[in-house]
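# Observations on the three-dimensional arrangement
Each chain is listed here by its residues.
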Amino acid sequence: MSHAALVNAGLFYVVVVQPLLLVVFIRAVARAPSGPPDSSGEAEPGLPALQVSESLPPQPARLPVRRAWPPADAELPSGETGYVGRHATQGGPPWGPAPKPPGAAW
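Report follows, based on the coordinates. (Residues numbered from 1 in each chain as written. Predicted model: local features only at pLDDT ≥ 70, side-chain atom pairs only at ≥ 80, totals over all residues. Heavy atoms only, no water.)

## Overview of the overall build of the chain
What counts here: Segments assigned H or I by DSSP are reported as helices when at least four residues long, segments assigned E as strands when at least two residues long, and all are numbered from the N terminus. Per-residue accessibility, obtained with a 1.4 Å probe over protein chains only, is compared with the maximum for each type, and a residue is labelled buried under 20%, exposed over 50%, and partly exposed between these values. Here the open area of atoms and residues is found with the Shrake-Rupley method and a 1.4 Å probe, where only the protein chains shown may cover a residue.
When its secondary structure is counted, the chain shows one helix and zero strands. Classification of the 106 residues of the chain by burial places 1% in the buried group. Split by element, the accessible area of the chain, about 11,300 Å² in all, is 64% carbon and sulfur.

Okay, here's the thing in structure tokens:
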């Protein structure tokens, strides 16, 4: 494609396609219901409103206790020491500490 054809395609995209996408997005946001999709704005008629007691503050949810993997009492077959992936290193990185820059006071 020539330079002029590329410029024309770019201008068409900026002048026509981008504003069209902007209008579609704004229209979708304006027509969307406010609030979560599973809740209604008002309570259903005939059902009493829920009363919340303020005597106790809410307690944080407790996470379930995670067991170690593999289990501590599991025995490995004889001759196997366990799998160590290629990404794992024993004792740290294979390189030493970085040299300090010249003139550094620390």
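From this point, things continue past the structure.
## Details of a nonpolar patch on the surface
The test is simple: In this scheme, patches are assembled from residues that exceed 30% relative accessible area and form no salt bridge. Like charges are connected within 9 Å, while nonpolar side chains (Val, Leu, Ile, Met, Phe, Trp, Tyr) are connected within 5 Å. Definition used for salt bridges: Asp or Glu carboxyl oxygen within 4 Å of a side-chain nitrogen of Lys or Arg.
Taken together, the side chains of V7, L11, F12, Y13, V14, V15 and V16 present a nonpolar region at the surface, about 650 Å² in accessible area. For V7, the location among the structural elements is in helix 1 (residues 3-31). Overall, the relative accessible area of 36% leaves V7 in the partly exposed class.

## Looking at helix 1
Stated precisely, the cut-off is as follows: The span expected for a helix works out to 1.5 Å for each residue beyond the first. Throughout, the bend at a residue refers to the angle made by two axes, fitted to the seven residues ending there and to the seven starting there.
If you check helix 1, its first and last C-alpha atoms are 41 Å apart, about what 29 residues at 1.5 Å a residue would give, namely 42 Å. If you look at helix 1, its biggest bend is around 30°, right at Y13.

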